[in-house]
Amino acid sequence: MVGHVVGLHRYPVKSMAGEPLDETEISWHGLADDRRWGFVREGQVRNGFPWLTLRQRPDLVRYHPCLRGGSAVVRTPGGDEHDVADPELAALLGARPMKLDRGAFDSAPVSLLTVQSATAVGSPDVRRFRPNVVVDAAGEFPEDAWVGATAAIGGAVLRVDRADRRCGVVAVDPDTGTRDATVLRAVARQHGLTLGVYASVVTPGHVRVGDEVVLHPRPRAGNG
């Protein structure tokens, strides 16, 4: 046992504010309803990454989506609410909504981050790093040692595939949407621009805040 879950977060609309959860299902394609909607920039027909993100619009973090009646409803910074597919919201953002049943992930369906790693780079507010699963563990940057192993969390089993390489999104304040590169520079200086890990799903299951994280190292290859 290497730690326990202290936070779960899903992001119903890619790059908008996250929703804290007490429990969730993790399926083959990540947390239930995580990043199942995104907004596509116009004129990006040949772009392999057409999504409107915090890189272009850091104020997206001030848009708060939630699930209601089988759809995502987005509260704007001004307090108005729109269905995610409302043309008025699309006009406001200058991009069109798109639903993806398998999620709009940058790299992998589940991201994990320890409280210890966030604190080590001077940002104990983990929201800046947009993790799915937040773990309280021991040591500094403890999840580095998890790469290549499987992690049993509640009823789910994840394979920890690689470190999470960070970008300018880390510089966006999760409350104000303003940019400050201080934390990003700390990540680069202290940890080679990576923080946290990406994982894929080996066994879907139910996960709750408080669940233990139990690591199973990858078996060593034989000599024959």
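Given the structure is predicted, the values throughout are model-derived calculations rather than measurements.

Peer 1: Got a minute to help me understand the sheet that holds strand β15 (residues 205–208) in this structure?
Peer 2: One key point about sheets: their strands pair by backbone hydrogen bonds, in either a parallel or an antiparallel sense. Strand order in this open sheet of three strands is β4-β3-β15, and the pairing throughout is antiparallel. Edge positions in the open sheet fall to β4 (30–31) and β15, since each of these has one partner strand only. Two elements, strand β3 (residues 23–27) and β15, share four bridges in a ladder whose sense is antiparallel. Counterpart to Thr24 in the pairing with β15 is Val207.

Peer 1: Honestly, the sheet that holds strand β6 (residues 64–68) in this entry has me stumped. Any pointers?
Peer 2: What the three strands build is an open sheet, ordered β6-β7-β8; its pairing is antiparallel. Across the chains shown, the open sheet's two edge strands, defined by having one partner strand only, are β6 and β8 (81–83). Direction aside, the axes of adjacent strands within the sheet are offset by 30 degrees on average. Relative to strand β7 (residues 71–75), β6 runs antiparallel, the two sharing five bridges.

Peer 1: Mind showing me how you'd approach the side chain of Arg36 here?
Peer 2: One can find Arg36 in the loop between β4 and β5 (37–41). One buried charged residue, Arg36, remains without a salt bridge, the closest side chain of opposite sign being Asp34 at 5.4 Å. Side-chain polar atoms of Arg36 contact the backbone oxygen of His29, separated by 3.1 Å. Polar contacts involving the side chain of Arg36 include one to the main-chain carbonyl oxygen of Asp101, which spans 3.2 Å. With near-sequence residues (within four places) excluded, Arg36 lies in contact with Pro12, Ser27, His29, Gly30, Leu31, Met98, Lys99, Leu100, Asp101, Arg102, Gly103 and Phe105.

Peer 1: Can you help me understand the environment of Gly48 in this one?
Peer 2: Note that Gly48 resides in the loop between β5 and β6. Classification of Gly48 as exposed rests on a relative accessible area of 77%.

About the criteria used
Residues numbered from 1 in each chain as written. Predicted model: local features only at pLDDT ≥ 70, side-chain atom pairs only at ≥ 80, totals over all residues. Heavy atoms only, no water. Pairing = 2+ DSSP bridges. Helix = DSSP H or I, 4+ residues; strand = E, 2+ residues; numbered from the N terminus. Axes fitted to C-alpha atoms, helices over the stretch in contact; angles between N-to-C directions. Buried < 20%, exposed > 50% of the residue type's maximum accessible area, 1.4 Å probe, protein only. Lys, Arg positive; Asp, Glu negative; His and termini not counted. Salt bridge = Lys/Arg side-chain N within 4 Å of Asp/Glu carboxyl O. Polar contact = N/O pair within 3.5 Å; in protein donor to acceptor, adjacent residues only side chain to side chain. Contact = heavy atoms within 4.5 Å.

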